[in-house]
Amino acid sequence: MRIVDCHGHVFPPLAGPCGFSSSAEHLLYLQWAMHTHTNQPVIRTRDGRVMTERHLWSPDDPTEAGRVEGLDFRVDGNGRFAWNVDDERYHVQFLSPGTRHLESPAETIVAQMDYVGIETMVLQNDHIYGNSAEMFADAIAQHPGRFIGLAQVEEGFAWQDGEIARLEHQVVRDGMTGLYFTLAGFMRSGWKETYAARSFDDFWGTVERLGLPVFWVHPGETPWGSFLEEMDRFVGWLERFPRIPSVMVHGWPTALFDNGSGRIKWPGVVQRIQDEFPVFTEVLYPISWGRRHAYPYELALDHVRQIHDRFGAGCMIWGSDMPNVERYCTYRQSLDYVRLHCDFLTESERAAVFGGNCRSLFAPGAAD
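The next subject is the pattern of salt bridges. Across all of its chains, the model carries 27 salt bridges by this definition. Put simply, glutamate 208 and arginine 243 hold a salt bridge, and the shortest N to O gap is 3.1 Å. A residue pair is termed long-range when its members are at least 10 positions apart, and glutamate 208 in helix α5 (residues 201–210) and arginine 243 in the loop between α6 (227–240) and β13 (246–248) qualify at 35 residues. In this structure, a network of salt bridges that share partners links the residues Glu25, Glu64, Glu154 and Arg188.

Now the structure itself:
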């Protein structure tokens with residue numbers, strides 16, 4: 001079986017600019033990410049106590065102006081981001097403690113893929129890892145057939161000519177064949193306009209003309225509203241751009257729809273999205289559930305089965321979130337909880353979930 005991992009990362013040491021104009025600009029995105037990241041707790045370093053306060057951003061201002069200054073926020077090594085408050089040190093263990101310089105070289109990821117038996121990985125491109133198209137292009141050139149790269153823009157300003165040109169440049173020059181689009185990027189524009197505003201139509205028209213699938217990150221809640229309110233907005237976008245394939249990064253937040261008994265009560269808007277539009281969902285549970293649930297993630301497996309039973313295997317795409325997932329489990333385990341334990345999948349469905357569905361998103365030859 002030719003396995004495709006739809007969600008992985010290569011990136012240089014995160015203490016550097018990583019394609020931004022400066023390390024300071026990159027740190028802005030990193031600080032925002034650690035403010036909004038809730039899977040891993042804030043730890044008081046001296047005694048390991050879990051803290052409820054995150055310190056990093058004003059809770060009343062989700063724009064760039066809400067950033068708390070004077071914390072010496074920094075990339076601390078061994079997978080940690082750290083900062084100081086009143087002479088007390090705090091950290092988030094974002095990556096595995098074995099990630100000494102918070103980096104993920106392409107050659108290391110390829111070795112991991114070889115060991116587990118993964119043929120190809122889709123390289124996703126969040127701002128916390130930098131502006132990565134050139135690094136992705138190098139990885140694709142040095143390791144033919146192993147990587148597919150996603151482009152990236154400043155989401156809040158994607159309607160501007162410069163961002164549209166940047167997108168085209170990444171596709172034409174760097175060979176990116178999809179787009180990573182996170183709503184967290186609207187922090188920079190103050191959440192003034194949504195991606196569904198008419199001012200973004202030229203941008204989305206360019207995405208459609210270039211034949212790019214969009215990998216979406218829809219947070220659980222934004223200044224625009226709740227997740228389900230966001231899904232209503234997403235339906236409006238899908239109705240206007242029904243030919244653009246979409247991927248729900250990290251998959252549907254099934255825990256949000258679980259009534260407490262393990263059964264998912266699917267909201268009508270979610271059912272409409274999956275039934276009527278070309279939308280795929282990542283099967284990517286360990287990165288979200290691994291802190292609270294033990295391998296092989298039995299509740300997650302039941303949720304995977306319920307996705308399968310309601311929507312079919314044709315919308316499901318397996319991914320790992322390497323190297324991040326190693327803070328909870330091994331790369332092999334992030335595959336095997338589905339590969340070995342989802343016995344409800346037929347052989348043809350397994351081929352689709354573990355590769356065929358993902359390959360169908362990209363232009364012929366994208367991973368050749």
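Anyway, onward from the coordinates.
This part is about the sheet that holds strand β6 (residues 88–93). One open sheet holds the five strands; their spatial order is β3-β2-β6-β5-β4, and the pairing between them is antiparallel. Of all the strands in the sheet, just β3 (49–51) and β4 (74–77) have a single pairing partner and so form its edges. Across the sheet, the mean angle from the axis of one strand to that of its neighbour is 40°, orientation sign disregarded. With two bridges connecting them, strand β2 (residues 42–44) and β6 associate as antiparallel partners. Note that in β6 the partner of isoleucine 43 across the bridge is histidine 91. Relative to β4, helix α1 (residues 23–36) is tilted by about 75°, and along the sheet it contacts β4, β5 (80–85) and β6.

Ranked by size, the top nonpolar core spans 87 residues in total, and within it Phe147, Phe181, Tyr195, Phe203, Trp204 and Trp237 carry the most contacts. Among the elements that make up this core, the one with the highest residue count is α6 (six residues). In contact with phenylalanine 181, not counting residues within four places along its chain, are Val153, Glu155, Ala158, Phe186, Tyr195, Phe203, Trp204, Val214, Phe215, Trp216 and Val217.

Further remarks concern unusual backbone geometry. The step from tyrosine 295 to proline 296 runs through a cis peptide bond, and the omega angle for that step is 10°. Along the chain, proline 296 turns up in the loop between α9 (286–289) and α10 (298–311). Put simply, methionine 322 and proline 323 share a cis peptide bond, and its omega is 0°. By the secondary structure assignment, proline 323 is in the loop between β15 (316–318) and α11 (331–339). Even without being glycine, cysteine 18 reaches a positive phi, approximately 55°. Relative to the assigned elements, cysteine 18 resides in the loop between β1 (4–8) and α1. Classification of cysteine 18 as buried rests on a relative accessible area of 10%. Backbone geometry at tyrosine 297 places phi at a positive 60°, although glycine is not the residue there. For tyrosine 297, the position within the fold is in the loop between α9 and α10.

On to helix α4 (residues 161–172), then. Compared with the 16 Å implied by 1.5 Å per residue over 12 residues, the 16 Å span of α4 between its first and last C-alpha is a close match. Among the residues of α4, those classed as buried are Glu163, Ile164, Leu167, Gln170 and Val171. For α4, the angular spread of the buried residues around the axis is 125°, confining them to a single face. Along α4, the residues that are exposed and aim more than 90 degrees away from the buried face are Asp161 and Val172. The elements touched by buried residues of α4 are α3 (133–142), β8 (147–151), β9 (178–182) and α5.

Turning our attention to the sheet that holds β8. Here we have eight strands laid out as an open sheet, ordered β1-β7-β8-β9-β10-β13-β14-β15, and parallel in their pairing. The sheet is open, and its two borders are formed by β1 and β15, each paired with just one other strand. Averaged over all adjacent pairs, the angle separating strand axes in this sheet is 30°, with direction ignored. The pairing of β9 with strand β10 (residues 214–217) spans four bridges and is classified as parallel. Along β10, the bridge assignment pairs tyrosine 180 with phenylalanine 215. Together, β9 and β10 form the strand contacts of α5, whose direction differs from that of β9 by roughly 145°. Across the face of the sheet, helix α12 (residues 347–359) comes into contact with β1, β7 (120–123), β14 (279–283) and β15 while running at roughly 110° to β15.

Below, the discussion takes up α1. Counted at 1.5 Å a residue, the expected span for α1 with its 14 residues is 20 Å, and the 20 Å between its end C-alpha atoms agrees. The inward-facing, buried residues of α1 contact β4, β5 and β6.

What follows deals with the pairing of β5. Across three bridges, the pairing between β4 and β5 is antiparallel. Across the sheet, arginine 74 pairs through a bridge with alanine 82, a residue of β5. Linking β4 to β5, which pair antiparallel, is a turn of two residues; within it asparagine 78 sits at a positive phi near 55°. Here six bridges tie β5 to β6, and the two strands are oriented antiparallel to one another. Across the sheet, valine 85 pairs through a bridge with glutamate 88, a residue of β6. Connecting β5 to the next strand, β6, in antiparallel fashion are two residues, including aspartate 86 with a positive phi near 50°.

The rules behind the values
Residues numbered from 1 in each chain as written. Predicted model: local features only at pLDDT ≥ 70, side-chain atom pairs only at ≥ 80, totals over all residues. Heavy atoms only, no water. Salt bridge = Lys/Arg side-chain N within 4 Å of Asp/Glu carboxyl O. Helix = DSSP H or I, 4+ residues; strand = E, 2+ residues; numbered from the N terminus. Pairing = 2+ DSSP bridges. Axes fitted to C-alpha atoms, helices over the stretch in contact; angles between N-to-C directions. Contact = heavy atoms within 4.5 Å. Core = buried A, V, L, I, M, F, W, Y, C linked by side-chain atoms within 4.5 Å. Buried < 20%, exposed > 50% of the residue type's maximum accessible area, 1.4 Å probe, protein only. Expected span 1.5 Å × (residues − 1). Arc of directions from axis to C-beta.

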